[in-house]
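Coordinate inspection notes
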Amino acid sequence: MEIVIPDDVITAMKLPRGEVERELRVDLAVILYQWGILPLGKAAKLAGMTKREFLEELAKRKVPRHYTEKELEEDLAFARGE
C-alpha cells in the first residue's frame, strides 16, 4: 500500500525531507495502537522499531499500554518459569 502526500503538505510539515516518512510511520503506528486497531508488535513493526523502542515512544507520548488479562497470565507464567 502506498499513500501519496502532496509536496506542499510535506513542506508545511517543517521536517527535513529525510525524516518525513519515519515520523509519519511512527505517528500512524502510535495512533493505530492507541485506538486498539493494531497490537503492540504490529504497531512497533509499522513504526520500524523494536517493541522496547515503541514502548519508550508510547511512554514519551503518554499513551497508556494496552495490557490484557491474557498478557498478564502469560507474563505470570513466564515469571514462574512455566
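For the structure itself, consult the block above.
Below: a short report on this structure. (Residues numbered from 1 in each chain as written. Predicted model: local features only at pLDDT ≥ 70, side-chain atom pairs only at ≥ 80, totals over all residues. Heavy atoms only, no water.)

**Overview of helix α3 (residues 40-47)**
Put simply, the rule is: Remark: exposure states derive from per-residue accessible area (1.4 Å probe, protein chains only) relative to the maximum for the residue type, with buried under 20%, exposed over 50%, and partly exposed in between. Comment: elements are numbered from the N terminus, with helices defined as DSSP H or I runs of at least four residues and strands as E runs of at least two. To be clear, the arc concerns the directions from the helix axis to the C-beta atoms. Throughout, a residue-residue contact means that at least one pair of heavy atoms, one from each residue, lies within 4.5 Å.
Along α3, the residues that are buried comprise L40, A43, A44 and A47. For α3, the angular spread of the buried residues around the axis is 100°, confining them to a single face. Looking at α3, the residues exposed on the side facing more than 90 degrees away from the buried face are K42 and K45. Looking at the buried positions of α3, the neighbouring elements they touch are α2 (17-34) and α4 (51-60). Positive backbone phi, approximately 75°, marks G48, located one or two places after α3.

**So, the nonpolar core**
One recurring pattern in soluble globular proteins: nonpolar side chains tend to sit buried together. To keep it simple, the criterion reads: What makes a nonpolar core is a set of buried Ala, Val, Leu, Ile, Met, Phe, Trp, Tyr and Cys residues whose side-chain atoms join them at distances within 4.5 Å.
Ranked by size, the top nonpolar core spans 12 residues in total: V26, A29, V30, Y33, L40, A43, A44, A47, M49, F54, L58 and V63. Elements with a contribution of two residues or more to this core: α2, α3 and α4. In contact with V63, not counting residues within four places along its chain, are V30, Y33, Q34 and L58.

**Focus: the packing of aromatic side chains**
Cut-off, in case you're wondering: Each Phe, Tyr or Trp ring (for Trp, its six-membered ring) is paired with any other whose centre lies within 6.5 Å, and the angle between the two planes then decides the class: stacked below 30 degrees, edge-to-face above 60, tilted in between.
For the coordinates displayed, the defined rule picks out one aromatic pair. Seen in terms of ring centroids, Y33 and F54 are 6.0 Å apart; in terms of plane orientation they differ by 90°. Their pairing is edge-to-face. Within this pair, whereas Y33 is found in helix α2, its partner F54 is found in helix α4, the two being separated by 21 residues in sequence. Take Y33 and F54: they sit in the same class, and that class is buried.

**Topic: the packing of α3 against α4**
This is how the line gets drawn: Between N-to-C directions, angles span 0 to 180 degrees; the directions come from axes that are lines fitted to C-alpha atoms, helices contributing only their stretch in contact. Should an angle fall under 35 degrees it is taken as roughly parallel, and over 145 as roughly antiparallel, whereas 65 to 115 is taken as roughly perpendicular and any remaining angle as oblique. By the convention adopted, Pro, Cys, Tyr, Trp, Phe, Met, Ile, Leu, Val and Ala count as nonpolar, Lys, Arg, Asp and Glu as charged, and the other residues, Gly among them, as polar.
Relative to each other, α3 and α4 sit at 90°, their axes nearing to 9 Å. In terms of orientation, α3 lies roughly perpendicular with respect to α4. Residues L40, G41, A43, A44 and A47 of α3 form the contact with α4, whose own contacting residues are K51, F54, L55 and L58. Split into classes, the residues belonging to the contact of α3 with α4 amount to seven nonpolar, one polar and one charged.

**Here we look at unusual backbone geometry**
Positive phi values are uncommon outside glycine, yet K14 reaches one of about 60°. In this fold, K14 is placed in the loop between α1 (7-12) and α2. Here K14 falls in the exposed class, since its relative accessible area comes to 74%. Of note in this structure, K62 is not a glycine but carries a positive phi near 60°. Here K62 is to be found in the loop between α4 and α5 (69-79).

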